[in-house]
Amino acid sequence: MKKTLVSALTTALVVGAASTTFAATNPFSDVPADHWAYDAVSQLAADGVIEGYGDTTFRGNQNITRYEMAQMIAKAMAKTDVSASDKALIDKLAAEFSDELNTLGVRVSNLERNADKVKWNGEARYTYTSTRDKSKADSKSNDDELLLRLEPSAEVNNHWHVNARLDASTDLAKDSTDPNGKHGDEQDTDVTLQRLWADGQYGTTNIKVGKLPMQLDSNLLFDDEISGAAITTGKDLKVTLQAGRFDLKGDTNNEAVNNATGDDTANMQSVGLQYGKDKLSIGAGYHHLNSDVFKTMGAAGSAYSKDQKEDNADIWSANLHYAFDKNVALGGAYAENTKADNYKKAGTVELDYKGAEPANKGTWGAYAAYRYLGQNVALDPSYDGAWAGTKGWEVGTDYTLFKNTVASVKYFNGENIDNGKDAEKLFGRVEFHF
């Protein structure tokens, strides 16, 4: 009876149908019917440490082997909420079947770890924007969108992970699936693989390879992805090198780039230094881009260069951020494209007070900033108010309504750099983090 009970338990400890296959080719001998291990396993089963099938029944009449016994013991060893007497039984069984456990050790360990290897984060959000741009014939534009974003991360080994980001959205104003991505400034209702990269960490050195987020000047200049590689090394003083292909037209809000003709991607190489310790962070960067798009940006209405023959962009940048205390911080950034003749400078100064924390209900923050975003250097700025080719003041606030639910409102008031005509935007968003 003992042997029948215990042999039935083994199936619950093998993944899928693998137990049947293993039994057919098992190199281990059967455990004798009078072996003390049966009494020990029966006691563990009675105490709930070892379970039967998922429906709590016990089946089967097959002989149990040392291989199968070791699998049961390995599962029992993984339990942490066991009594002292059951722990003693488990330790005794582990000593008896140590050779078999050593053989199974890697496999059992991997099976237990696989459940935690892949982690998913994401958000669902609603965004409303109302834009007034007097430089356009149709100066008023309203848009509201729903976006679902999923961000999986999978562990490869102790040093490497694979990360991705998938986006899908829909235009509520038109109630349209819009497969061609015509609505809004950035969204496309198709499920889009925005990013996919391998991330390796070796001490203070980080390596990224694939379609990865920009590692330098992502707010003021490049809120987008680069297809290539990046390496960052250092502790307080970090050095970053990145190189690859940058999609100039992609999701940028720089109209001059979107309207330009020619190759829509640029070869890009960047280097940056960033020092951060305690309350201070300061850094500088350099980016070299090459693309035929730069030759035609003048024809698109933003006069990249006088002769429209320049196909390079050499962009220098600097940034500074200082936290006065845990609530108040002041930061700024400046960049210049030395290859452009016009609209070649960009900068921002921003004062921040606190900030909404998604995990903490009732937390909030506010900011005030001045933006100047020359469209021949700020190729894809990330700001929700000001956009490329404008300058002016931007203010905003955010508040955590409930745990993992954040609402934000932003307002920009300024003008177009090239013609001085009014530019204004009201931005609202509700985010649900999971």
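On a predicted model such as this, the values are computed, not experimentally measured, just so you know.

Peer 1: Explain unusual backbone geometry to me, please; I cannot follow it from the model alone.
Peer 2: Phi is mostly negative for residues that are not glycine, and the peptide bonds are mostly trans. Here the phi dihedral of K354 falls at roughly 50°; this positive angle occurs in a residue that is not glycine. Position of K354 relative to the elements: it lies in strand β12 (residues 345-354). Classification of K354 by relative accessible area gives partly exposed; the value is 41%. One non-glycine residue, N404, lies in positive phi territory at about 65°. Counting through the fold element by element, N404 comes out in the loop between β14 (390-402) and β15 (405-416). Overall, N404 belongs to the partly exposed group, its relative accessible area being 27%.

Peer 1: What exactly am I supposed to notice about the confidence of the model for the protein chain here?
Peer 2: Low-confidence regions, as indicated by low pLDDT, have predicted coordinates that should not be scrutinised in detail. When the pLDDT values of the protein chain are averaged, the result is 81; 78% of them are 70 or greater. Low confidence marks residues 1-28, where pLDDT is under 50. Its contacts with residues over four positions away, or in another chain, come to 63 contacts. Low pLDDT, under 50, characterises residues 52-62; the predicted model gives this stretch 22 contacts beyond four residues in sequence or across chains.

Peer 1: How do you make sense of the nonpolar core when you look at a structure like this?
Peer 2: Most often, soluble globular proteins keep nonpolar side chains buried together rather than apart. Counting residues in hydrophobic clusters, the biggest one holds 32 residues, and the most contacted among them are F222, F246, L248, L289, I315 and L379. Every element with two or more residues in this core is listed here: β6 (225-233), α7 (255-259), β8 (265-277), α8 (293-296) and β10 (312-323). The contact partners of L379, leaving out residues within four places of it in the chain, are L221, F222, F246, L248, T252, N254, V257, L289 and F294. Listed in part, the 18 residues of the second largest apolar core include I50, L93, F97 and L101.

Peer 1: What exactly am I supposed to notice about helix α4 (residues 66-77) here?
Peer 2: Side chains three or four residues apart in an α-helix point the same way, a direct result of the helix having 3.6 residues per turn. Taking 1.5 Å of rise per residue, the 12 residues of α4 would be expected to cover 16 Å, and the 16 Å separating its terminal C-alpha atoms lies within 8% of that figure. In terms of burial, α4 is a largely internal element, 10 of the 12 residues being buried. Among the residues of α4, R66, Y67, E68, M69, A70, Q71, M72, I73, A74 and A76 are the ones counted as buried.

Peer 1: Which parts of the structure should I look at to understand the environment of F412?
Peer 2: Structurally, F412 can be placed in strand β15. For F412, a relative accessible area of 0% gives the class buried. Among all residues touching F412, those that are not within four sequence positions of it are G385, A386, W387, T390, K391, G392, W393, E394, A423, E424 and K425.

Peer 1: How should I be thinking about the pairing of β12 in this particular structure?
Peer 2: If a strand is regular, its side chains alternate between the two faces of the sheet. The pairing of strand β11 (residues 328-337) with β12 spans 9 bridges and is classified as antiparallel. Counterpart to L330 in the pairing with β12 is L351. Of the strand pairs in this sheet, β12 and strand β13 (residues 364-373) are connected by 9 bridges, and their pairing is antiparallel. Each bridged residue has a counterpart across the sheet, and for T348 the counterpart in β13 is R371.

Peer 1: Would you explain the pattern of salt bridges in this entry?
Peer 2: Between side chains of opposite charge, a pair can form as their charged atoms come close. One pass over the full model with this rule turns up 12 salt bridges. Between R371 and E394 there is a salt bridge, and its shortest N-O distance comes to 3.2 Å. Taken as a pair, R371 in strand β13 and E394 in strand β14 lie far apart in primary sequence, 23 residues in all. Judged by relative accessible area, which is 1%, E394 ranks as buried. For E415, the salt bridge identified is with K391, shortest N-O distance 3.6 Å. Of this pair, E415 sits in strand β15 while K391 sits in strand β14, and the two are 24 residues apart along the sequence.

About the thresholds
- Residues numbered from 1 in each chain as written.
- Predicted model: local features only at pLDDT ≥ 70, side-chain atom pairs only at ≥ 80, totals over all residues.
- Heavy atoms only, no water.
- Helix = DSSP H or I, 4+ residues; strand = E, 2+ residues; numbered from the N terminus.
- Buried < 20%, exposed > 50% of the residue type's maximum accessible area, 1.4 Å probe, protein only.
- pLDDT = per-residue confidence, 0-100.
- Contact = heavy atoms within 4.5 Å.
- Core = buried A, V, L, I, M, F, W, Y, C linked by side-chain atoms within 4.5 Å.
- Expected span 1.5 Å × (residues − 1).
- Pairing = 2+ DSSP bridges.
- Salt bridge = Lys/Arg side-chain N within 4 Å of Asp/Glu carboxyl O.

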